[in-house]
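# A closer look at the structure
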Amino acid sequence: MPSTIVILPTWNEAENLPPMVDALLALPVENLRVLVADDGSPDGTGRLADDLARQHPDQVSVLHRRQRKGFGPATRDGFRAALRTDADYIVQMDCDFSHQPRYLPDLLERAAEADVVIGSRYVPGGSVDENWGLPRKLLSWWANSVYVRLLLDLPVRDATGGFRLWRRSALASLGIDQVKSNGYVFQVEMICMAHQRGCRIAEIPIYFPDRVAGDSKMGLPIALEAALSVWQLRRRYRPSRH
């Protein structure tokens, strides 16, 4: 029976972590484990993660990162730890319930014919929170389905989405240490690398609500930095056209 490990990078997610772990472990998914990669959260998320690991010693583990270095490094360290296990599938998702656990069985089902499966807001059937204003909806759609897709020649519509399942062999083939990005563009670079190496990439539709509790880490400066960083990825990964 295949095994799955879910990586939850956390920074100040004390309100969300216990219900998220409960929701994941309640899924009808056999051989499921959870790895919490905490960045030394001052709100006690790391201590809560340790409590959960004691309650579920065979299903929950914790990776403590003593300094906050950002989403990319936290996820990269989580990937390294996951690859040291025997998991067949490695899932990355946010802990704030904008990535809903109920979609995990769908990701696993689609993985039968793909190396990477993205929970996508922008394929038919996908959607975002109804409270998003029109400018925000248009900007997010344009950034993913037009800007990144065309600049990098990618066959996906949600390149920045962080709800993903990786087949173990595909993730191992990328060489995690080769990923240069540290911010949210880390997601884009991972897909660039997977596409470059011929991985089969699929998307399933998801509904993406706003976080349930806590504060968002995404702001305008981070969004602008990510947009500019895409041009660096274009120089690094897009094939030359002659």
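Conventions used here
- Numbers given for residues are sequential positions, taken from 1 along each chain in its written order.
- In keeping with the model being predicted, local features are shown solely for residues with a pLDDT of at least 70 and side-chain atom pairs are shown and tallied solely at 80 or more, while totals for entire chains, interfaces and linings include all residues.
- Neither water nor hydrogens contribute to the side-chain values; these are computed over all heavy atoms in the structure.
- Put simply, DSSP H or I for four residues or longer makes a helix, DSSP E for two residues or longer makes a strand, and each gets a number counted from the N terminus.
- Per-residue accessibility, obtained with a 1.4 Å probe over protein chains only, is compared with the maximum for each type, and a residue is labelled buried under 20%, exposed over 50%, and partly exposed between these values.
- Residues count as neighbours in contact if any of their non-hydrogen atoms are within 4.5 Å of one another.
- A pair of strands counts as paired when DSSP detects no fewer than two bridges linking them.
- Only C-alpha atoms enter the line fits that serve as axes; for helices the fit covers just the stretch in contact. Angles between N-to-C directions range over 0 to 180 degrees.
- Relative orientations are named as follows: roughly parallel for angles under 35 degrees, roughly antiparallel for angles over 145 degrees, roughly perpendicular for angles from 65 to 115 degrees, and oblique for any other angle.
- Each residue is assigned to one of three groups, with Ala, Val, Leu, Ile, Met, Phe, Trp, Tyr, Cys and Pro labelled nonpolar, Asp, Glu, Lys and Arg labelled charged, and all others, Gly among them, labelled polar.
- Note on aromatic contacts: the rings of Phe and Tyr and the six-membered ring of Trp form a pair at centre separations within 6.5 Å, being stacked when their planes are under 30 degrees apart, edge-to-face when over 60 apart, and tilted otherwise.
- Here, a charge over a ring is recorded when the distance from Lys NZ or Arg CZ to the ring centre is within 6 Å and its angle to the ring normal is within 35 degrees.
- We define a polar contact as two N or O atoms separated by no more than 3.5 Å, with the added condition that, inside protein, one atom must be a possible hydrogen donor and the other a possible acceptor, whereas residues neighbouring each other in sequence contribute only through side-chain atom pairs.

Scanning the chain from N- to C-terminus turns up eight helices and nine strands. Put simply, the chain has 242 residues, and 50% of those count as buried. A sequence separation of at least 24 residues applies to 79% of the contacts in the chain between residues at least 6 apart.

One open sheet holds the seven strands; their spatial order is β3-β2-β1-β4-β7-β5-β8, and the pairing between them is mixed. The sheet terminates laterally at β3 (60–64) and β8 (201–205), the two strands that pair on one side only. Neighbour-to-neighbour, the strand axes of the sheet open up by a mean angle of 20 degrees, direction not taken into account. With seven bridges connecting them, strand β1 (residues 4–10) and strand β2 (residues 32–38) associate as parallel partners.

Bringing the packing of helix α3 (residues 71–83) against helix α7 (residues 186–196) into the picture now. The interhelical angle for the contact between α3 and α7, taken along N-to-C directions, is 45 degrees, at an axis separation of 9 Å. Considering the angle they form, α3 stands oblique to α7. Contact residues: α3 offers Phe71, Gly72, Thr75, Arg76 and Phe79, while α7 offers Phe186, Gln187 and Met190. Split by residue class, the contact of α3 with α7 holds four nonpolar, three polar and one charged.

Another aspect to go through is the packing of aromatic side chains. Applying the stated criterion across every chain yields a total of three aromatic pairs. Plain terms: the ring middles of Phe79 and Trp166 are 6.4 Å apart, the flat faces sit at 75 degrees to each other, and that makes the pair edge-to-face. Of this pair, Phe79 sits in helix α3 while Trp166 sits in strand β7 (residues 164–167); the two residues are 87 residues apart in sequence, bridging distant segments of the chain. The burial state of Phe79 is the same as that of Trp166; both residues are buried. Geometry around Phe208 places Arg121 over its ring, the cationic atom sitting 5.1 Å from the centre. Directly above the aromatic system of Trp132 lies the positively charged group of Arg136, at a separation of 3.8 Å from the ring centroid.

For the rest of this paragraph, the subject is the side chain of Gln92. Along the chain, the position of Gln92 falls in strand β4 (residues 89–92). At 2.8 Å, the side chain of Gln92 and the side chain of Trp166 are in polar contact. Within polar-contact distance, the side chain of Gln92 engages the side chain of Gln187 at 3.0 Å. With near-sequence residues (within four places) excluded, Gln92 lies in contact with Ile7, Phe71, Thr75, Phe79, Gly162, Phe163, Arg164, Trp166 and Gln187.

Turning to the side chain of Ser3, a few remarks are in order. Along the polypeptide, Ser3 turns up in the segment before β1. A polar contact of 3.4 Å, which involves the side chain of Ser3, links it to the backbone oxygen of Asp86. When sequence neighbours within four positions are dropped, the list of residues in contact with Ser3 reads Asn31, Arg33, Asp86, Ala87, Asp88 and Tyr89.

Regular strands have side chains that alternate between both faces of the sheet. Residue alternation in β7 divides its side chains into two sets, Arg164 and Trp166 and Leu165 and Arg167, and both sets are buried. Relative to β7, β4 runs antiparallel, the two being bridged by four bridges. If you follow Tyr89 over to β7, its bridge partner there is Arg167. Here strand β5 (residues 116–120) pairs with β7 via three bridges, running antiparallel. The partner of Ile118 across the bridge, within β7, is Arg164.

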